[in-house]
Amino acid sequence: MIRRTFVLAVAVLLASVVPASAATDLVLPRPTGPYRVGQTELHLVDASRTDPWRGGPRELMVSLHYPALPGPGRAAPYMLPGAAAHFDAVTANGLLGLGVPSADWAGVRTNARRDAVPLPGRRPVVVYSPGLGEPRTWGTATAEDLASRGYVVISIDHTWESPEVEFPDGSVRTMVDPGDPDAFLRKALDVRVADTRFVLDALAGRLDVSRVGMIGHSMGGAAAALTMAADPRVVAGVNLDGNLTWFDGSLMPPAAEGLRGPFLLVGKDGETDTGPGWKAFRAATHGWTAQLRLLGSEHATFTDAAALVPQLGVPLGTLDPATAVRTQRAYVASFFDRWLRDRNDHLLDGPSPRYPEMVFVGE
């Protein structure tokens, strides 16, 4: 899945993509947990590390979604205006190849209140890593749902590799020219691991980051595995349809050597290029692991595209959007509840009649 996105990224850097106009109001699905959701954005600067892409101190934008106290407040924006304009003109149809009409991405209705007062108490933490060519906001529905269930979710944009990152001064920094695909992929994942470790360090005083989970889509799924291998604070991970092989086909270290902690693989339906890496990973991993396949899904189903793209009149796979969202949420929450909270609902023990579209792939 990384390969297809990389080819699209190169094409977009060579030509601007301007989709047709549309006026659809987009809405994220409501979270399913008992808590209200707050959201805040952080501008983090790692003065100790030179930015590997452009020089100077490494600067990142991070979103936090968390359980919040009830009360009034402004709705959290889905994307800031500058980032939304670039996503609409370049990312949606170029990098991601969604084939959608123009939309008001800044106006997508979220379920979080900006800077709401957090619910008191220590909360388990999950890091969200987006796919190549995806902004951190492309996993907002997952972040909101986990926050409504009691988690704090840290979503990270990796500046200059992310398609667009808007900073507090209004500047928008976009993806560098990727150049050689294998070298770019290796560098980008090294940077993601370093970025994630820095973010955990930076938030250590505010959050309990001694035992965290990590979830990622596509290249973000690879980042979750690599970060888990590199940092003992990451004790459980989920890979949503992401390769565990490099662009040249060789195995990434987690696929060759396995991981020490529980790791869940969730793949799309039909033909996929994740097979070799996932098969090797499962053979090398002696701890808990499982592989699932969501029937009727596409690669983008594991992002906000599952809910938003059909609202723009564009089908995404054959699975009903509400079913796609409901099923993913159940299995992601079950995994993190089991390994971060010691609450086992046994959904991951085997097939469930409540979720017939989720298939357990055999050993």
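As a reminder, the structure under discussion sits directly above these lines.
What comes next is a walk through the structure. Only a predicted model underlies this, so the values are computations on that prediction, with no experimental measurement involved. (Residues numbered from 1 in each chain as written. Predicted model: local features only at pLDDT ≥ 70, side-chain atom pairs only at ≥ 80, totals over all residues. Heavy atoms only, no water.)

**A closer look at helix α3 (residues 140–148)**
Move 1: Burial analysis of α3 places 8 of its 9 residues in the buried class, the great majority of the element.
Move 2: Those residues of α3 lying buried are Thr140, Ala141, Ala143, Glu144, Asp145, Leu146, Ala147 and Ser148.
Move 3: Turning to α3, the residues buried within the fold contact β1 (36–50), β2 (57–68), β3 (112–114), β4 (125–129), β5 (152–157) and α9 (321–340).
Move 4: Positive phi appears at Gly150, one or two residues downstream of α3, with a value of about 110 degrees. (Buried < 20%, exposed > 50% of the residue type's maximum accessible area, 1.4 Å probe, protein only. Helix = DSSP H or I, 4+ residues; strand = E, 2+ residues; numbered from the N terminus. Contact = heavy atoms within 4.5 Å.)

**Digging into the side chain of Ser102**
Move 1: Within the secondary structure layout, Ser102 lies in the loop between α2 (81–95) and β3.
Move 2: For Ser102, a relative accessible area of 14% corresponds to the buried category.
Move 3: Of note is the side chain of Ser102, whose polar atom sits 2.5 Å from the side chain of Asp88. (Polar contact = N/O pair within 3.5 Å; in protein donor to acceptor, adjacent residues only side chain to side chain.)

**Some remarks on the environment of Asp157**
Move 1: Within the secondary structure, Asp157 is located in strand β5.
Move 2: Sequence separation between Asp157 and Thr110 is 47 residues; the distance between their C-alpha atoms is 19 Å.
Move 3: Residues within four places of Asp157 in sequence aside, it is in contact with Leu60, Met61, Glu134, Pro135, Arg136, Ser162, Glu164 and Val165.

**Topic: the packing of helix α4 (residues 181–202) against helix α5 (residues 219–230)**
Move 1: At a minimum axis separation of 9 Å, α4 and α5 run at an interaxial angle of 60 degrees. Of the possible angle classes, the one that applies to α4 and α5 is oblique. You can see that α4 and α5 cross each other, and the crossing is right-handed. On α5, the residues touching Leu185, Ala188, Leu189, Arg192, Val193, Thr196 and Arg197 of α4 are Met219, Gly220, Ala222, Ala223, Leu226, Thr227 and Ala230.
Move 2: Looking at the contact of α4 with α5 residue by residue, the classes come out as 9 nonpolar, 3 polar and 2 charged. (Axes fitted to C-alpha atoms, helices over the stretch in contact; angles between N-to-C directions. Parallel < 35°, antiparallel > 145°, perpendicular 65-115°, else oblique. Left-handed = near helix turned anticlockwise from the far one by under 90°. Nonpolar A, V, L, I, M, F, W, Y, C, P; charged D, E, K, R; others polar.)

**A word on the nonpolar core**
Move 1: Residues Ile154, Leu189, Val199 and Phe263 are the most contacted members of the largest nonpolar core, which totals 51 residues.
Move 2: Leave out the neighbours within four places in its chain, and Phe263 touches Gly221, Ala224, Ala225, Met228, Gly237, Val238, Asn239, Phe281, Trp288, Thr289, Ala290 and Phe335.
Move 3: By size, the runner-up hydrophobic cluster in this structure holds 29 residues, among which are Leu146, Tyr151, Ile215 and Val235. (Core = buried A, V, L, I, M, F, W, Y, C linked by side-chain atoms within 4.5 Å.)

**A short note on the pattern of salt bridges**
Move 1: Going through the model one piece at a time under the given rule, you end up with 19 salt bridges.
Move 2: Asp46 serves as the salt-bridge partner of Arg49, at 3.0 Å between the closest nitrogen and oxygen.
Move 3: In this structure Arg49 comes out as buried when scored by relative accessible area, which is 17%.
Move 4: Judged by its relative accessible area of 7%, Asp46 falls in the buried class.
Move 5: Notably, a salt bridge pairs Arg338 with Asp349, separated by 3.8 Å at the nearest N-O pair. With Arg338 in helix α9 and Asp349 in the loop between α9 and β12 (358–360), the pair connects residues that are 11 residues apart, well separated along the chain. (Salt bridge = Lys/Arg side-chain N within 4 Å of Asp/Glu carboxyl O.)

**What to know about the pairing of strand β10 (residues 263–267)**
Move 1: Counting buried positions over the 5 residues of β10 gives 5, a clear majority of the element.
Move 2: Across the two faces of β10 the burial is the same, with Phe263, Leu265 and Gly267 and Leu264 and Val266 all buried.
Move 3: As paired strands, strand β9 (residues 234–240) and β10 are joined by 4 bridges and run parallel to one another. Looking across to β10, one finds that Leu240 is bridged to Val266.
Move 4: By the bridge criterion, 5 bridges tie β10 to strand β11 (residues 289–294) in an arrangement that is parallel. Residue pairing for β11: Val266 is matched across the bridge by Leu292.
Move 5: On the question of chirality, the crossover connecting β10 to the parallel β11 by way of helix α7 (residues 275–284) is right-handed. (Pairing = 2+ DSSP bridges. Right-handed = clockwise from strand over helix to strand, strands pointing away.)

**Topic: the sheet that holds β9**
Move 1: Strand order in this open sheet of 10 strands is β3-β1-β2-β5-β4-β8-β9-β10-β11-β12, and the pairing throughout is mixed. Because the sheet does not close on itself, it has two edges, and the strands there are β3 and β12. Direction aside, the axes of adjacent strands within the sheet are offset by 25 degrees on average.
Move 2: One ladder, built from 3 bridges, connects β11 with β12; its direction is antiparallel. Bridged to Leu294 within β12 is Met358.
Move 3: On the sheet, α4 packs against β1, β2, β4, β5, β8 (212–217) and β9 and is oriented at approximately 110 degrees with respect to β1.
Move 4: Strands β9, β10 and β11 of the sheet are contacted by α7, whose axis makes an angle of about 155 degrees with β10.

**Looking at the packing of aromatic side chains**
Ring pairs (aromatic) are described by centroid distance and by the angle formed between their planes.
Move 1: According to the stated counting rule, one finds 11 aromatic pairs in the structure shown.
Move 2: Seen in terms of ring centroids, Trp288 and Trp339 are 5.7 Å apart; in terms of plane orientation they differ by 55 degrees. Their pairing is tilted. Of the two residues, Trp288 is situated in the loop between α7 and β11 and Trp339 in helix α9; the sequence distance between them amounts to 51 residues.
Move 3: Among the aromatic residues, those joined into a ring-pair cluster are Tyr151, Trp288, Phe335, Phe336 and Trp339.
Move 4: Cation over ring: Arg173 sits above Phe167, and NZ or CZ is 3.8 Å from the ring centre.
Move 5: Residue placement shows Arg341 over the ring face of Tyr151; its charged tip is 4.3 Å from the ring centre. (Phe/Tyr/Trp six-rings, centres within 6.5 Å; stacked < 30°, edge-to-face > 60°. Lys NZ or Arg CZ within 6 Å of the ring centre and 35° of its normal.)

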